[in-house]
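Commentary on secondary and tertiary structure
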Amino acid sequence: TIAIEQRSGGHTPRSTVATTTEIYDYLRLLYARCGQPTCWHVVETKKDGTQVLCGQPISANSASQIVASLILHRDGAKAMIAAPIVRSKKGFHREALELIQKQGFVRARVDGTLVDLREALKEPGENPLKLGRYETHDVEAIVDRISIGPDSRQRLAESVEAALKLADGNVVVLIEDNGTWREERYSEKFACPLHSDSSLEELEPRLFSFNSPHGACPTCAGLGRVQEFDERLVISDQAKGLGDGAIDPWRKNGKRMNIWYSRLLKKFCTSFKVDPETPFAKLPAKVKRILLHGLSPEDEDKLGFSWEGVMPNLKRRYLESESQLVKERLTGYMTDAPCLTCKGMRLKPAALAVRIRSGGLFLNIGEVCALNVEKAIGFFASLSFNAEQRMIAAPILKEVNARLGFLASVGLDYLSLSRTSSTLSGGEAQRIRLATQVGSGLVGVAYVLDEPTIGLHQKDNDRLVATLRRLADIGNTVLVVEHDEDMIRAADWVVDVGPGPGRHGGTIVASGTPIDVASHPTSLTGAYLSGRRMIDVPAKRRTMDPSSGLVVKGARANNLKSIDVSFPLGGMVCVTGVSGSGKSTLVNEILLKSAQVEVHEARLVPGQHDRITGLKQIERVVEVDQSPIGRTPRSNPATYTGIFDEIRKIYTMTSESKIRGYEPGRFSFNVKGGRCEVCQGQGLRRIEMHFLPDVFVVCDTCKGTRYNRETVEIRFKHKTIADVLDMTIDDAVPFFESHPRIRRMLECLQEVGLGYVQLGQASTTLSGGEAQRVKLAAELGTASNVNGTAARTLYVLDEPTTGLHFDDVRKLIGVLGRLADANHTLVVIEHNLDVIKCADWIIDLGPDGGDRGGQILAVGTPETIAKHPKSYTGAYLKSMLKGKRSEPSTEPTATVRSEAKPAKKSRAKAGTRA
């Protein structure tokens, strides 16, 4: 049995799509056995910083192989066998010439010219050949002159062996060609014949591992990224002048340092004739460059002025400071940047110099991992190998292609193999883990999946259903916890648990085929499958004016194609599109971060774009994501929503509390006084089990109540404060009926479908969807939203329907509608068609994922999107607006039609079996 959970891709920056799927293990083996090493010696560095490498193919050749190659390809040619003693080194090299003569050789080639050693060394002094001391020179001993042919094989072999021994495994063969001598270089090692610093040991898979010191880039230790000071954070407001605090880290120090930096800037402004009041954005480019990056020693001599530069100053302070507080503060001005040594590919130069040819491409392992899954499939289909390499590569490529094919079949063909696992959504991470298991080719396995459709567009959903169907058809059992209607309809057997959530559930309501469940009279799931219940299309939509909203100009981060997007204000805006089309980049990386910087002065770096207009209309920004409402078990819905403060006040108002002089802190389980000190207010004790998982046991002292004996003696309506924390929200509503502040928040929690949750339930036990709904309820319950006087707020939600049943989605839409009715703006990334059809405005990205996405396909009301001929979302939305759930009646392209077929077959198959 293999359980594949719905969780994020992991927090280690070393985990990638390629490593998680084991593709990278096979790639390392492929490059070690079939790769062509090339020289990585830098021969030129251009003005823009790019480096030109030698690129000379290097290979290991034994003496026998060299001789055989010469006889085969150079038969009849006149040749000289030379041993390279000195390669591109400065000096006079008399010692090298004397060494050659002592070995019994009488001739040498110095910088391409033949020299008689007997005559040359007669000259006195250390420079007999009158060489330039500071120029680089090459010195080669002439071992033999010979005519290459079968008859001279023995002599040729002896000469080659002598040259290899003399020159540490290197030999130069000079071939006469029309009166000139053309050289061919060979090596016994993996070393460039031209550059001695480019040498390899035998190729091994560990050379290509960025988790091993044998292969990791020494600069970034195999992470591919380094922390660097970011100019956008250092100069956070370019409208300020140098005298107004434009350089943020130079004005947030101690008093003496602030004065020192202020004088330093005045001196700079005087020296470069800069008005301190001039906005930084309007300074000349040259002045900006000098200010930030400093003067070169030559420029300092010319100007008679020394200037370190802001960025070098910050870097020096960070490295030299012994204060952890200073380091933490300066870290706030740093962002991750690609490592300049390995260009973000994580490996040392020697590993990146090994390449494989495919068609017109000659790529190293880092460049292959930079390809997305679709392009990688094409690369491996066109490899240029000889017969021996094809035999070696065949079993490796079989495994690689199987995994790539599965990634493509579940809609992940837009992901690059080098994509870090921590940047993947939960659904993407789960499908990648599924690809790892399916790629192993096991049969007779029970696969258990938890909501694999998360993050999937309806188009990609059909492909996943077809893939899971294939898994079942070859002899596996696929058990899926799922809310998606298409997945339920495609199943052979459905188990419906309920009838309600939490304490109201826990029984089997219905079990059977999808048809059986749909016809069950008391099944809530069946009611939605049969159409007895459904989420209605809004009778009237809010009027949206895109011309007066938030307008993103030139969005080009990741795969976005420099698009301009308008987000109307005062309603619900849905951003849709297939997986990987650029939704998260546009909303989370650009819009949300820019709004947080503008409204809350957050220290963030938004994704690349030109500008955003209209942010002055927003007074507050709230991100409602699925991150936990707290990182420890001490956090719970009561503490997060703030009602626990009110509850503690109620307990201090009881007569017994007044007699004892108890304050609200007495009823807190987070501080000393009223809590149980044995478990420190957690109610549980953790027992460490070393190599086994930790065990949590109920505290023997407080019996799980979290409080000491004296605290639980205080009662309100015959209930202790521990009893209140054990109440469900449904039970707490009538209990606190006479307390409006508490009741209002509890009703909001009920409204979002969390009535079954306990007030004191640990935040770590809440799902991502539950945590998101707690945050929404907290927003709904604020007095300003209730009274309609709230500041105009931008809410950003990323797939809020994750983990929600049809009925929960209905409740969620009602909550979002209430926030929109209060004149707030909701920007929602969503694939759920029920939410999309209830939106006031839709921004549809596409047409596909990855490089083929990043464009605006259509904008407008759901009815407008449904009519668009090229929108995948519109094709599936069309039937929803008619009040039916079915496959799209009109596909935008043949692709959708073909992708939709497997789901239809699956449903027909399930029905036939029933």
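A short tour of the structure in this document, coming up. Numbers given to residues run from 1 along each chain, matching the order in which its sequence is written. Local features are withheld for residues below a pLDDT of 70 in this predicted model, meaning they are given only at 70 or higher, and side-chain atom pairs are given and counted only at 80 or more; totals for whole chains, interfaces and linings count all residues. Hydrogens are left out, water is left out, and the side-chain values use all remaining heavy atoms of the structure.

1. Let's talk about helix H15 (residues 373-381)
- Note on exposure labels: buried denotes an accessible area under 20% of the residue type's maximum, exposed denotes more than 50%, and partly exposed covers the range between, all computed with a 1.4 Å probe on protein chains only. Runs of E in the DSSP output that reach at least two residues are strands. Runs of H or I that reach at least four are helices, and both are numbered from the N terminus. Among the residues of H15, those classed as buried are Val373, Ala376, Phe379 and Phe380. Buried positions in H15, seen along its axis, are confined to an arc of 110° and lie on one side of it.
- Identification of polar contacts relies on pairs of N or O atoms within 3.5 Å, with a donor-acceptor requirement for protein atoms, meaning one able to donate a hydrogen and the other able to accept it, and with residues adjacent in sequence counted only if both atoms are side-chain atoms. The N-capping residue of H15, defined by a side-chain oxygen 3.2 Å from the backbone nitrogen of glutamate 374, is asparagine 372. Note that the arc is computed from the directions linking the helix axis to the C-beta atoms.

2. Quick word on the sheet that holds strand S7 (residues 113-116)
- Whether two strands pair comes down to DSSP finding at least two bridges between them. Spatially, 6 strands are ordered S7-S6-S8-S5-S9-S10 in an open sheet, and the strand pairing comes out antiparallel. At either margin of the open sheet sits one strand with a lone partner, and together these are S7 and strand S10 (180-187). Between one strand axis and the next, the sheet turns by 35° as a mean value, whatever way the strands run.
- As paired elements, strand S9 (residues 170-177) and S10 share 8 bridges and run antiparallel to each other. When the bridges of S10 are listed, aspartate 177 appears paired with threonine 180.
- Every residue pair with non-hydrogen atoms within 4.5 Å of one another is taken to be in contact. Note on method: axes are straight lines fitted to C-alpha atoms, helices fitted across the in-contact stretch only, with angles between N-to-C directions ranging 0 to 180 degrees. This element, helix H3 (residues 63-73), spans S9 and S10 of the sheet and lies at about 145° to S10.

3. Section: the packing of aromatic side chains
- Between the rings of Phe, Tyr and Trp (Trp by its six-membered ring), a pair exists once the centres lie within 6.5 Å; its type follows the angle of the planes, with under 30 degrees stacked, over 60 edge-to-face, and the other angles tilted. Scanning all chains against the criterion turns up 17 aromatic pairs.
- Their ring planes at 75° and their centres at 6.2 Å tell us that tyrosine 662 and phenylalanine 667 sit as a pair that is edge-to-face.
- Accessibility expressed as a relative area gives 13% for tyrosine 662, which makes it buried.
- Aromatic side chains phenylalanine 735 and phenylalanine 736 sit 4.9 Å apart centroid to centroid with 85° between the ring planes, which places their arrangement in the edge-to-face category. Both residues of the pair, phenylalanine 735 and phenylalanine 736, count as buried.
- Members of the aromatic cluster, each reached through a chain of ring pairs, are Trp250, Trp260, Tyr261, Phe268, Phe272 and Trp307.
- Here the guanidinium or amino end of arginine 357 rests over the ring plane of phenylalanine 362, the centre of that ring lying 4.1 Å away.
- Taking NZ or CZ as reference, arginine 603 lies 4.2 Å from the ring centre of tyrosine 333, over its face. To sit over a ring, a charge needs its Lys NZ or Arg CZ within 6 Å of the ring centre and within 35 degrees of the ring normal.

4. Structural notes on the pairing of strand S19 (residues 494-498)
- A one-sided burial pattern is seen for S19, the buried positions being Val494, Asp496 and Gly498 and the unburied ones Val495 and Val497.
- Inspection of the sheet shows S19 paired to strand S20 (residues 507-512) by 5 bridges, in the antiparallel sense. What sits directly across from aspartate 496, in S20, is alanine 510.

5. Digging into the environment of leucine 560
- For leucine 560, the location among the structural elements is in the loop between strand S21 (550-555) and strand S22 (563-567).
- For leucine 560, a relative accessible area of 4% gives the class buried.
- When the C-alpha atoms of leucine 560 and glycine 846 are compared, they prove to be 9.7 Å apart, with 286 residues separating the residues in sequence.
- When sequence neighbours within four positions are dropped, the list of residues in contact with leucine 560 reads Ala555, Ser581, Gly582, Thr585, Leu586, Ile590 and Gly854.

6. Overview of the layout of surface pockets
- In this structure, the second largest pocket occupies an estimated 1000 Å³ of space.
- Here a cavity denotes a set of grid points, spaced 1 Å apart and computed over the protein atoms alone, in which a 1.4 Å probe fits but from which it cannot get out, and a pocket denotes an open set meeting protein on both sides within 12 Å along at least five of seven lines; residues with an atom within 4 Å of a point are reported as lining. Lining the second largest pocket we find 28 residues, and of these Arg232, Ser236, Asp237, Val597 and Glu598 sit closest to its centre.
- The element contributing the most residues to the lining of the second largest pocket is helix H22 (residues 583-600), with 4 residues.
- Split into classes, the residues belonging to the lining of the second largest pocket amount to 10 nonpolar, 6 polar and 12 charged. Grid points are joined across faces, edges and corners, and a volume is the space filled by probe spheres set on the points. Three categories are distinguished: nonpolar for Ala, Val, Leu, Ile, Met, Phe, Trp, Tyr, Cys and Pro, charged for Asp, Glu, Lys and Arg, and polar for the others, with Gly belonging to the last.

7. Examining the nonpolar core
- Residues Ile647, Phe736, Leu746, Leu759 and Leu826 are the most contacted members of the largest nonpolar core, which totals 76 residues.
- Here this core gets 8 residues from one element, more than from any other, and that element is helix H31 (residues 806-821).
- Not counting residues within four places of it along the chain, the set of residues in contact with leucine 746 comprises Ile643, Ile729, Ala732, Val733, Phe736 and Leu759.
- Buried Ala, Val, Leu, Ile, Met, Phe, Trp, Tyr and Cys residues form a nonpolar core when they are joined through side-chain atoms within 4.5 Å. With 72 residues, the next largest nonpolar core counts Leu352, Val368, Leu456 and Val465 among its residues.

8. Concerning the sheet that holds strand S2 (residues 36-37)
- In space, the 3 strands of this open sheet follow the order S2-S15-S16, with antiparallel pairing throughout. On the outer flanks of this sheet lie S2 and strand S16 (361-364), each paired with one strand and no other.
- The pairing of S2 with strand S15 (residues 354-358) spans 2 bridges and is classified as antiparallel. Its bridge partner being in S15, proline 37 is matched across the sheet by valine 354.

9. Describing helix H16 (residues 387-409)
- Given a rise of 1.5 Å per residue, 23 residues ought to cover 33 Å, and the 31 Å separating the end C-alpha atoms of H16 matches this to within 8%.
- At any given residue, the bend is defined as the angle formed between two axes, one fitted to the seven residues that end at that position and one fitted to the seven that begin there. Roughly 45° is the biggest bend found in H16, and it falls at alanine 393, with proline proline 395 one to four residues downstream.
- The set of residues buried in H16 consists of Gln389, Ala393, Ile396, Leu397, Val400, Arg403, Leu404, Phe406, Leu407, Ala408 and Ser409.
- Sitting at the amino-terminal end of H16 is asparagine 386, which places a side-chain oxygen 3.2 Å from the backbone nitrogen of glutamate 388.
- Looking one or two places after H16, you find glycine 411, whose phi comes out positive at around 80°. By this rule the span expected of a helix is its residue count minus one, scaled by 1.5 Å.

10. Details of the packing of H15 against H16
- It is at 10 Å that the axes of H15 and H16 come closest, and there the two elements cross at 150°. Judged by the angle between their axes, H15 and H16 are roughly antiparallel. Handedness of the H15/H16 crossing: left-handed. Every residue of H16 that contacts H15 at Val373, Ala376, Ile377 and Phe380 is listed here: Leu397, Val400, Asn401, Leu404, Gly405, Leu407 and Ala408.
- The residue inventory of the contact of H15 with H16, partitioned by class, reads 9 nonpolar, 2 polar and no charged. When describing relative orientation, an angle under 35 degrees is termed roughly parallel and one over 145 degrees roughly antiparallel, while 65 to 115 degrees is termed roughly perpendicular and anything else oblique. A crossing counts as left-handed when the near helix is turned anticlockwise from the far one by less than a right angle, and as right-handed when that turn is clockwise.

11. Comments concerning the pairing of strand S5 (residues 78-90)
- By the bridge criterion, 10 bridges tie S5 to strand S8 (residues 136-147) in an arrangement that is antiparallel. Residue pairing for S8: alanine 82 is matched across the bridge by isoleucine 142.
- When S5 meets S9, the two strands line up antiparallel, connected through 4 bridges. Paired with alanine 79 across the strands is isoleucine 175, a residue of S9.

Note that every value here comes from positions in space, so none of it alone points to a role or purpose.
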